[in-house]
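Here is what each chain is made of, one letter per residue.
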Amino acid sequence: MKSFYITTAIDYANGSPHLGHAYEKVLTDVIARFRRQMGDQVHFLTGTDEHGQKVQASARKRGIPPQQFCDEVSAEFRAMLPKLAITNDDFIRTTEERHKKVVRDLLQQLFDKGDIYKAEYRGFYSTRQEQFLQEKDRNPDGTWPEIFGDVTEIVESNYFFKLRQYQAWLVEFLTKNENWIFPRYRQTQVLEFLKEPLNDLCISRPKERLEWGIPLPFDEGYVTYVWFDALVNYYSGVIDRPGVWPATYHVIGKDILVPPHAVYWPIMLQAAGVPLPLGIIAHGWWLQRGAKMSKSTGNALNPLDLVDQFGADAFRYFLIREMNVGQDSDFTPEQFMVRYNSELANNLGNLVNRTLNMTTRFAAGVVPSAEVAEEAERELHELWAKTAPECVALCEGFQFHTALERTMFFVTATNAYIEKRAPWKLGKSTEAKDQALLRTALATMAEALRLAVALLQHVMPGAAAKINGVLGYTPGPVWREELVWGAKLAGATVAPALVLFPRPEKPAAPAAKA
Ligand code: MSP
């Protein structure tokens, strides 16, 4: 079995989860479930990033010790996962011993090797981004861009990691491995960034300024820079699991690609002699009225409100259907309602209802066998023969939104087939030919529904299980076999009804203003 190790970014433990955090978990889960269906041995890691200035400041504001603060916030992130039907295998916290030990060992190794040195630093520091700034980061009028928050000038001795020494290697690596970052155009942006000489990375913070971090093993007067600490989670989380590293994909947002994931991380690993991850998937942002949804801008949407109101399946469906991985999407409650009503309640819900209702009415609840294949049936078979491999290929290339569109097109075509065959008319006829057509229509719609569900299950696992349940069907272990048009439901007893996507009492609400 092929090992497939996938990670999400670990979320800052300094506020509640919002839609952007939830999306990343859902996307990663959809990939993980899809790979399991394809037969891979999947390991899925997520977690929380708990050190650094922001966390220390948030804990101070609440007047509680940082560890207690992190325990609370991390628990909130963790509690969100089952509500979104996320199938992570592990959850890592950077305050755990298993992680701290690996960070310290790695630092010591790089220090012993001479890749870390001490020097005096004078410069501008952004607390919000937890990074030192350079003159080129300023606005043309000399001010600092809004994203950096408060910027202060500081002079201090610190430890530096020799990034520049590895710049030429990284350029060569990215040039040779042109698909290392998905979408590919982002890799071009990294190479653009690498045209300028890299500065060595300041990887320490003096304890007087920041206490909440992992002490450097070779100088306890300093703690580790939060990015150097956080990136290591992907490795520390599997250090005790032989054969899992290297990661197949790190799933992250585009804002943390350059420099942390595309520059610091590969160089850290290369310097330490650890194999590199096989790829990085950089998704876009959820926006609200064009602005990035985030805690600091106060336009964050609580994902769990939507899940409570519409269920995890509808929520996951919307996120995956709406966003083209890599690009941004605007979240609007209106668009959510359009997809919920037209694609889920009307299109898929309708096919489920008709299948159950007509099988109950015209075949005493037992799915018959198809007896004829006329043009109407052949058209649907042909559409399926095209849809199934196309959707598998689209999912392999992370084009989940298009795969869902094609799947829903097949559902629409099945509903159209039902209109064409009109079983309610055939049911009134006693002619043998009409009765054979009726049995064929019932068998065809049930089989088409079963197949569509097989293509939806990594996105809507709960709904898929419910539909299979009312069809009296248990999918087999080999997913690809589930995608073959056959007579798997012949003789199955269906339930009379299932309400999957009920009409909401009130529509999705816009994000509350903070
Ligand atoms: N702690 C760092 C990541 C360290 S990984 C070694 C961090 N945390 S975060 O909480 O700010 O963001 C976590 C993830 O959520 C990031 O991948 C980020 O891109 C993603 N999102 C945060 N806001 C987002 C949107 N509005 N839309 C989509 N995802 C965005 O960065």
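Read on for an overview of the structure. (Residues numbered from 1 in each chain as written. Predicted model: local features only at pLDDT ≥ 70, side-chain atom pairs only at ≥ 80, totals over all residues. Heavy atoms only, no water.)

Turning next to the packing of helix H11 (residues 312-322) against helix H12 (residues 333-363). Contact geometry for H11 and H12: axes closest at 10 Å, N-to-C directions at 105°. Between H11 and H12, the angle is such that the two are roughly perpendicular. In contact with Ala314, Phe315, Tyr317, Phe318, Arg321 and Glu322 of H11, H12 contributes Gln335, Phe336, Arg339, Tyr340, Glu343 and Leu344. (Axes fitted to C-alpha atoms, helices over the stretch in contact; angles between N-to-C directions. Helix = DSSP H or I, 4+ residues; strand = E, 2+ residues; numbered from the N terminus. Parallel < 35°, antiparallel > 145°, perpendicular 65-115°, else oblique. Contact = heavy atoms within 4.5 Å.)

Next up on the list: the site of the ligand. The local shell around the ligand holds 25 residues, among which Ile10, Glu24, Asp49, Asp255 and Trp286 are the closest. A distance of 3.1 Å is found between an oxygen atom of the ligand and a side-chain nitrogen or oxygen belonging to histidine 21. Here glutamate 24 contributes a side-chain N or O atom positioned 2.5 Å from an oxygen atom of the ligand. Within the complex, 95% of the 660 Å² of free accessible area of the ligand lies under protein. At the level of elements, strand E2 (11-12), helix H1 (19-37), helix H7 (226-231), helix H8 (233-236) and strand E13 (249-253) are the ones that each hand at least two residues to the shell around the ligand. The class makeup of the residues in the shell around the ligand is 12 nonpolar, 8 polar and 5 charged. (Near = heavy atom within 4 Å. Polar contact = N/O pair within 3.5 Å; in protein donor to acceptor, adjacent residues only side chain to side chain. Areas by Shrake-Rupley, 256 points an atom, 1.4 Å probe, with all protein chains shown as cover. Nonpolar A, V, L, I, M, F, W, Y, C, P; charged D, E, K, R; others polar.)

Our next topic: the pairing of strand E4 (residues 90-93). Sheet faces and side chains relate simply in a regular strand, where the side chains alternate between the two faces. The two faces of E4 match: Asp90 and Ile92 on one face and Phe91 and Arg93 on the other face are all buried. In terms of strand pairing, strand E3 (residues 41-49) meets E4 through 4 bridges, oriented parallel. Counted as the bridge partner of leucine 45 is aspartate 90 from E4. (Buried < 20%, exposed > 50% of the residue type's maximum accessible area, 1.4 Å probe, protein only. Pairing = 2+ DSSP bridges.)

With that settled, consider the pairing of strand E1 (residues 3-8). For E1, the tally of buried residues reaches 5 of 6 residues, placing the bulk of the element in the interior. For E1 and E3, the ladder comprises 5 bridges, and the chain directions are parallel. Following the sheet pairing, serine 3 is matched in E3 by glutamine 41. Sheet topology places E1 next to E13; 3 bridges connect them, and they run parallel.

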